[in-house]
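# Coordinates in review
These are the residues of each chain, in order.
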Amino acid sequence: MVVRFSKRDQNIWKTVQRIPRGRVASYGQIARLSGLNGRARLVGYVLHHLPFFLDTPWHRVVTAQGRIAFSKHSQAYHRQMALLRKEGVIVDGGKINMKKFGWKR
């Protein structure tokens, strides 16, 4: 079986792959850099449905306020926080200092 992905989805994945280790970007920033200005929710949707076999650093994408978007009680929240901390990103109460750790792109 051959699975085909849209150019739009591939473009979002490629943009996320460019986020450097130890940096984060907002959903809106990824949308803008992917040519989808104003489509931050679409970025979230595409990342939520990310194929398991792609090595895409989804954990580096957070809200515009620097927050992890998952519920604090979810497994996904704790996984994202652990992955970010492993890269040296300071996560305090689910929040990241975007001035310090934001991707300047």
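Look up a bit, the structure's there.
Here the structure is a predicted model, which means the values were calculated and not measured. The numbers attached to residues start from 1 for each chain and follow its sequence in the written order. Two thresholds apply to this predicted model, a pLDDT of at least 70 for residue-level local features and 80 or more for giving and counting side-chain atom pairs, whereas whole-chain, interface and lining totals are computed over all residues. Neither water nor hydrogens contribute to the side-chain values; these are computed over all heavy atoms in the structure.

Quick look at the pattern of salt bridges now. By salt bridge we mean one thing: a side-chain nitrogen of Lys or Arg within 4 Å of a carboxyl oxygen of Asp or Glu. Within the structure shown, the criterion is met by three salt bridges. Residue Arg 21 is joined to Glu 87 by a salt bridge in which the shortest nitrogen-to-oxygen separation is 3.8 Å. Residue Arg 21 is found in the loop between α1 (7-17) and β1 (25-26), and its partner Glu 87 is found in the loop between α4 (75-86) and β3 (91-92); the two are separated by 66 residues along the sequence. Taking the relative accessible area as the measure of exposure, Arg 21 reaches 55% and is therefore exposed. Residue class for Glu 87 comes out buried when judged on its relative accessible area of 13%. Between Arg 60 and Glu 87 there is a salt bridge; the shortest N-O distance is 2.8 Å. Here Arg 60, found in the loop between α3 (40-48) and β2 (61-62), pairs with Glu 87, found in the loop between α4 and β3; they are 27 residues apart in sequence, far enough to count as distant. We count a stretch as a helix when DSSP gives it H or I for four or more residues in a row; a strand needs E for two or more, and each element gets its number in order from the N terminus. Type-normalised accessible area, obtained with a 1.4 Å probe on protein chains alone, sets the label of each residue: buried when under 20%, exposed when over 50%, and partly exposed for intermediate values.

The calculated volume of the largest pocket comes to roughly 360 Å³. A 1.4 Å probe that fits into a set of points on a 1 Å grid over the protein atoms alone but cannot get out defines a cavity; an open set with protein on both sides within 12 Å along at least five of seven lines defines a pocket, and lining residues are those with an atom within 4 Å of a point. Lining the largest pocket we find 16 residues, and of these Leu 47, His 48, Leu 50, Trp 58 and Phe 70 sit closest to its centre. For the lining of the largest pocket, the secondary-structure elements that each account for two or more residues are α3 and α4. Under this grouping Gly is polar, as are all residues other than the nonpolar Ala, Val, Leu, Ile, Met, Phe, Trp, Tyr, Cys and Pro and the charged Asp, Glu, Lys and Arg. Residue classes in the lining of the largest pocket are distributed as eleven nonpolar, four polar and one charged. Roughly 150 Å³ of volume is contained in the second largest pocket. Every residue lining the second largest pocket is listed: Arg 21, Asp 55, Thr 56, Pro 57, Trp 58, His 59, Arg 60, Arg 79, Leu 83, Lys 86 and Glu 87. Grid points are joined across faces, edges and corners, and a volume is the space filled by probe spheres set on the points.

Attention shifts here to the nonpolar core. Ranked by size, the top nonpolar core spans 16 residues in total, and within it Ile 12, Val 16, Ile 19, Ile 30, Val 43, Leu 47 and Val 61 carry the most contacts. Elements with a contribution of two residues or more to this core: α1, α2 (27-33) and α3. Of all the elements, α3 adds the most residues to this core, at four residues. We define a nonpolar core as any set of buried Ala, Val, Leu, Ile, Met, Phe, Trp, Tyr and Cys residues linked to one another through side-chain atoms lying within 4.5 Å. Counting residues in each nonpolar core, the second largest holds ten residues, with Val 62, Met 81, Leu 84 and Phe 101 among its members.

Among the residues making up α1, those that are buried are Asp 9, Ile 12, Trp 13, Thr 15 and Val 16. End-on view of α1: buried residues confined to an arc of 160°, all on one side of the axis. Residues of α1 that are exposed and point over 90 degrees away from its buried face: Lys 7 and Lys 14. Contacts: residue pairs with any heavy atoms within 4.5 Å of one another. Those residues of α1 that are buried are in contact with α2, α3 and β2. Taken from the helix axis, the directions to the C-beta atoms give the arc we talk about.

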